[in-house]
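# A closer look at the structure
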Amino acid sequence: MNFKSYLDLYQLIEIDNSTKEQRRSFGLSQILLAHKPIAQLLLWLELHRIKLKKPLFSETFASYLYGITLVLVIVGFVVGLFSGIALLHYNGHAPVNVIYFMAMVIALPLFTMTLTLISMLKAYHTRAVLIHLSPSYWMEKIVSLLPSKVQKDVENVHINPLLANWIVIKRSQLIALFFSLGLLVALLLVVATKDIAFAWSTTLHVDAESFHRFLNTLALPWRSWFPSAVPSLELIEQSQYFRLGDKLSEEMISNASKLGEWWKFLAFATLFYAIILRFFMYLLSVLGLGMAVKKSFLSLKGVDILLRDMNEPIITTNAQESVKENETTLQGTLQTVQKLDASYDMVQGWAMSKEQLHVLNDSMHVITPLVYDVGGTNTLEEDAEIIHKSHGEVLLYVKAWEPPTMDFMDYLEALVKSVDKVVVVPVGMQEEHYNAEEKFVTIWARKLALFKSEKVWLKR
């Protein structure tokens, strides 16, 4: 189940012309999925996807969306790379202030991830959930770069706002993740190719001890495993930079070789706050998108009707009628029954498909281990083989509006010789809930009465 399945199902429901009988037949054929609507819809989609016009709109839209996302991911990585290089630029005179880089790899990711969490929480309540400072807002704007034909198709599809929000949220996290990777690569490249002197400087009144406690708290996720990646108090004191004129303090110059140790802390801060946490946000967005697709599946226009047709029997008014006498006698020896039994040894249908017979059994509340279609396109040999397999009590469905033919009468005559009882049931159209008109039933009654057989019964 994914976004492409959602688009395919939407379009399929729009053009679907299947009857309620066909849908109920599908539901009966997949009875184990009766309480699994998503599984039912996906299987139904697989069986009917061939009706959609090629190329599939879902594939076209997904390919454009993938292309745009790929471009933005590359752009995000490149921007992150050059941003990191710019932040770490060292001219050999003034040290690189680690505060700037920390703001980029710690403060900015935490801020944007907070905004994304708010977007995720609000996605289920409002349509316009994308906060302008969040990458997801800008991702939505980029979608407008799709070709006009695709944009028109998207407008016609009316994508669920909840689903659209989660699509852009997921992709925004992917872009932000590669932006952070660009920062980490820039740090490693610059550290490997240059001898950089790091320092820290701020206008705020912050002493070395307070700053050490702050950094020690930030390093909590990795300080137990990599204590060398946590700046010591001595390093913090030696690298504090006071910008007075253009000269560096003599103490900083004398400890210049130690100032490069800051890179370990910066690397681990980038790895944890900008990459690992962002990766977890990405996984959360993937989970949220999956839930949004599932919810959107069930909220599609027409899905409730489709599921109802699959899972609810086509009720006949005669099936549950209570009568004082279950059997009556019509002219001659033809016997009639007002209410069918709960089960029969075999069910057959004259010129009907097995799918139709399953739906009829479901509507009539009849259980049987054997179902056969007879007559119609069957050969005489095929019908003879079915007669040979017949036994006990047989329920035989016929189309009420089609008068009995000689072929049917010949088949019935052969069938009664092999079974104990045949109950002929004239059925109407599905739109009439299979209730046969009385005039048609009367025609069948007169014809069957000619048999003068106690084995032939008619459902009134």
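Residues numbered from 1 in each chain as written. Predicted model: local features only at pLDDT ≥ 70, side-chain atom pairs only at ≥ 80, totals over all residues. Heavy atoms only, no water.

### Concerning the environment of F265
- Relative to the elements of secondary structure, F265 occurs in helix α12 (residues 262-299).
- On a C-alpha basis, the gap between F265 and L215 in space is 9.0 Å, while along the polypeptide they are 50 residues apart.
- Once you skip the residues sitting within four places of it in the chain, F265 turns out to touch M102, L215, L218, A219, W222, A229 and P231. (Helix = DSSP H or I, 4+ residues; strand = E, 2+ residues; numbered from the N terminus. Contact = heavy atoms within 4.5 Å.)

### Some words on unusual backbone geometry
- Put simply, K54 and P55 share a cis peptide bond, and its omega is -5°.
- The phi dihedral of A351 is positive, around 60°, even though this residue is not glycine.
- Structurally, the position occupied by A351 is in the loop between β5 (346-350) and α14 (354-364).
- Given the relative accessible area of 30%, A351 is considered partly exposed.
- Positive phi values are uncommon outside glycine, yet H365 reaches one of about 60°.
- Looking at the secondary structure, you find H365 in the loop between α14 and β6 (371-374).
- Overall, H365 belongs to the partly exposed group, its relative accessible area being 37%. (Buried < 20%, exposed > 50% of the residue type's maximum accessible area, 1.4 Å probe, protein only.)

### Some words on the packing of helix α4 (residues 57-87) against helix α8 (residues 161-193)
- At a closest axis distance of 7 Å, the pairing of α4 and α8 adopts a crossing angle of 30°. When the axes of α4 and α8 are compared, the pair comes out roughly parallel. As α4 packs across α8, the resulting crossing turns out to be right-handed.
- When grouped by side-chain class, the residues that make up the contact of α4 with α8 number 18 nonpolar, six polar and one charged. (Axes fitted to C-alpha atoms, helices over the stretch in contact; angles between N-to-C directions. Parallel < 35°, antiparallel > 145°, perpendicular 65-115°, else oblique. Left-handed = near helix turned anticlockwise from the far one by under 90°. Nonpolar A, V, L, I, M, F, W, Y, C, P; charged D, E, K, R; others polar.)

### Describing α12
- The first and last C-alpha atoms of α12 sit 53 Å apart over 38 residues, in line with the 56 Å expected at 1.5 Å per residue.
- Considering bend angle alone, the principal kink of α12 is centred on F272 and spans about 25°. (Expected span 1.5 Å × (residues − 1). Bend = angle between axes of the 7 residues up to and from the residue.)

### Quick notes on the pattern of salt bridges
- Scanning the model with the defined rule gives nine salt bridges in all.
- Residues R49 and E46 are paired through a salt bridge, measuring 2.5 Å at the closest nitrogen-oxygen approach.
- Of the residues examined, R49 reaches a relative accessible area of 16% and is grouped as buried.
- Relative accessible area serves as the criterion here: at 51%, E46 is assigned to the exposed category.
- It is possible to trace a salt-bridge network through shared partners that takes in D16, R23, K51 and D309. (Salt bridge = Lys/Arg side-chain N within 4 Å of Asp/Glu carboxyl O.)

This is a description of form; function is not addressed.
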